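In case you want the letters, here they are:
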Amino acid sequence: MTKKNKTLGEFIIENQAEFQYSSGELSKLINAIRLAAKVVNHEVNKAGLIDILGAAGDTNVQGESQQKLDVLANEKFIQALKNREIVCGIASEEEEDFISINSQDHRHQNKYVVLIDPLDGSSNIDVNVSVGTIFSIYRRVTPIGTPVTLEDFLQPGVNQVAAGYIIYGTSTMLVYTTGHGVNGFTLNPAIGTFYLSHPNMTFPQTGKIYSINEGNYIHFPQGVKDYIKYCQMEEGDRPYTSRYIGSLVSDFHRNMIKGGIYIYPKSSLNSDGKLRLLYECNPMALLAEQAGGKASDGYGRILEIEPTELHQRVPFFCGSLKMVEKAEEFMARYA
Ligand SMILES: O=P(O)(O)OC[C@H]1O[C@](O)(COP(=O)(O)O)[C@@H](O)[C@@H]1O
Ligand SMILES: [Mg+2]
Ligand SMILES: [Mg+2]
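In this text, all values refer to a predicted model and were calculated from it rather than measured experimentally.

1. Concerning the coordination of the magnesium ion (ligand 3)
At the metal site, the magnesium ion (ligand 3) is ligated by E93 (OE), D117 (OD) and L119 (O), and these contacts range over 2.0 to 2.2 Å. Going along the chain, you hit the donors of the magnesium ion (ligand 3) in the pattern E-x23-D-x1-L. The distance between the magnesium ion (ligand 3) and the magnesium ion (ligand 2) comes to 3.7 Å, with D117 serving as a donor to both metals. Here E93 is found in the loop between β3 (87-92) and β4 (99-100), whereas its partner D117 is found in strand β5 (residues 112-120), with 24 residues between them in sequence. Given a relative accessible area of 3%, E93 falls into the buried group.

2. Here's the deal with the packing of aromatic side chains
If you walk through the whole model with that rule in mind, you get 12 aromatic pairs. Geometrically, the ring pair formed by Y230 and F330 is tilted, given 5.4 Å between the ring centres and 55 degrees between the ring planes. Linking Y230 in helix α5 (residues 222-232) with F330 in helix α8 (residues 321-332), this pair joins segments that are 100 residues apart in sequence. The pair Y230 / F330 is uniform in exposure class, with both members buried.

3. Some words on the sheet that holds β5
Ordered in space as β4-β3-β5-β6-β7-β8-β9-β10, the eight strands form an open sheet in which the pairing is mixed. Taken across any chain shown, the strands that pair with only one partner, and hence form the sheet edges, are β4 and β10 (193-198). Each of β5, β6 (131-139), β7 (162-168) and β8 (172-177) is contacted by helix α6 (residues 248-258), which is oriented at about 100 degrees to β7, the strand it contacts most. Relative to the sheet, helix α7 (residues 277-290) contacts β3, β5, β6, β7 and β8, its axis offset from that of β6 by approximately 85 degrees.

4. Remarks on the domain arrangement of the protein
Considered domain by domain, the protein is made up of domain 1 (8-198) and domain 2 (209-332). Taking only C-alpha atoms, the centre of domain 1 and the centre of domain 2 are 23 Å apart. Facing the 47 residues of domain 1 at the interface are 32 residues of domain 2. Where domain 1 abuts domain 2, roughly 2,800 Å² becomes buried across the two surfaces, and 63% of that area is made up of carbon and sulfur atoms. Looking only at domain 1, the three residues that lose the most surface to domain 2 are I134, L154 and Y165, adding up to 20% of its buried area.

5. Quick look at unusual backbone geometry
The omega angle of the peptide bond from R238 to P239 is 10 degrees, so this bond is cis rather than trans. Tracing the backbone through its elements, the reader meets P239 in the loop between α5 and β12 (241-242). Phi at N128 takes a positive value of approximately 55 degrees, unusual for a residue other than glycine. Within the secondary structure, N128 is located in the loop between β5 and β6. A positive phi is found at N200, a non-glycine position, where the angle reads about 45 degrees. Mapping N200 onto the fold places it in the loop between β10 and β11 (209-211).

6. Here we look at the coordination of the magnesium ion (ligand 2)
Ligation of the magnesium ion (ligand 2) by protein atoms is provided by D117 (OD), D120 (OD) and E280 (OE), these donors lying 1.9 to 2.1 Å from the ion. Sequence spacing among the residues donating to the magnesium ion (ligand 2) works out to D-x2-D-x159-E. For D120, a relative accessible area of 4% gives the class buried. The class for E280 is buried, based on a relative accessible area of 2%.

7. Focus on the UniProt feature "binding site: substrate" (unreviewed entry) in the protein
On the UniProt side, "binding site: substrate" (unreviewed entry) is annotated at positions that read D120, G121, S122, S123, N213, Y244 and K274 here. Considered against the largest pocket, the annotated residues that line it turn out to be D120, G121, S122, S123, N213, Y244 and K274. Looking at the element boundaries, S123 is found in the loop between β5 and β6. Residue classification places S123 among the exposed positions, given a relative accessible area of 60%. Within the element layout of this structure, N213 appears in the loop between β11 and α5. Apart from the residues lying within four places of it in its own chain, the contact partners of N213 are F220 and Y244.

8. Here we look at the side chain of T172
Structurally, T172 can be placed in strand β8. Given the relative accessible area of 6%, T172 is considered buried. Reaching out from T172, the side chain makes a polar contact with the side chain of N41 at a distance of 2.5 Å. If near-sequence neighbours (up to four positions away) are discounted, T172 is found in contact with N41, I166, I167, F185, T186, L187 and F194.

9. Quick notes on the state of the cysteines
Covalent bonding between the sulfur atoms of two cysteines is what defines a disulfide. By the definition in use, this model includes zero disulfides. C281 carries a free sulfur, and the closest cysteine sulfur to it, the one in C318, is 8.4 Å from it. Residue C281 is classed as buried on the basis of its relative accessible area of 0%.

Rules of the game
- Residues numbered from 1 in each chain as written.
- Chains lettered and ligands numbered in written order.
- Predicted model: local features only at pLDDT ≥ 70, side-chain atom pairs only at ≥ 80, totals over all residues.
- Heavy atoms only, no water.
- Donors = N, O, S within 2.8 Å, 3.2 Å for Na, K, Ca; no water.
- Helix = DSSP H or I, 4+ residues; strand = E, 2+ residues; numbered from the N terminus.
- Buried < 20%, exposed > 50% of the residue type's maximum accessible area, 1.4 Å probe, protein only.
- Phe/Tyr/Trp six-rings, centres within 6.5 Å; stacked < 30°, edge-to-face > 60°.
- Pairing = 2+ DSSP bridges.
- Contact = heavy atoms within 4.5 Å.
- Axes fitted to C-alpha atoms, helices over the stretch in contact; angles between N-to-C directions.
- Domains from an automatic or database assignment.
- Buried area = accessible area lost by both parts, 1.4 Å probe.
- UniProt positions renumbered as here; feature names shortened; annotations may be inferred.
- 1 Å grid on protein atoms, 1.4 Å probe; cavity = no way out; pocket = protein on both sides within 12 Å on 5 of 7 lines; lining within 4 Å.
- Polar contact = N/O pair within 3.5 Å; in protein donor to acceptor, adjacent residues only side chain to side chain.
- Disulfide = S-S within 2.5 Å.

Pasting the structure below:
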């Protein structure tokens, strides 16, 4: 076995000193996510064979029609996190309010809140295109043993103790950081074990891929329109290539490996953009920065935004450092 094929469990133990709190707590958190990821992966892989495609019939707090797999993934992650005796609260894209755990039992010592996007890229479920799960973990700020409050969730991204995603694609991977670099683990479905396959993942400083839904072009701010034109010009190492999967996790993952930028700007359609700060932008921003990339709202650092609501949206510019800086230059012209 090369150094590269460590299991996720071995990696957590070997790197426990990096986690600022007790190691046992991190492994419990990551193991809960690993477990739920395997269950969801199992369902995703046979989606066409079982009654898991299509809409569930309900609408979530975002006004989006919930897909059956959104609902299933939500249940599986909440269940796995609840059972670990470490989490005192969960917030999810699919839940209007946060879920408080063990709040009645004053002896409980649960210290962490977890925010999740159980199924990212929902519009791709029925068409067999890769989707993901995104998670963000904080240490609570209110006293241990007291009921968890909204304050525990509305923390700036810089306070995250861990963040990551699972991508259900050609292979299933778990990619995460605890603030000491980014590592990727691939699931060996035959034995149900995640192995370290992508150690120390880093964003190339620049790249040749831009990811944005150009179908909304006429609604974009002038700075974004100018940046798209810049990407398409025959000059220097341009034109860049346009790649847009429509699953944030998948577009981010590709851009982290090949070099690129993902943009979901505000527009006359979405005054604050579409993506949610707490369980989409903050975790991806921490991963991006830990991988040498950058994440901003077009002007400032995503991780320093002070959240005000559980499901608030923010414009999102994320990827290779030099590409995000260039996009910010164009935005600054019209600020
Ligand atoms: O279809 P659009 O407007 O381009 O939006 C696609 C974006 O919306 C998302 O699907 C939002 O995430 P959810 O699927 O979790 O709601 C992102 O994954 C993706 O990048
Ligand atoms: Mg999402
Ligand atoms: Mg989602």
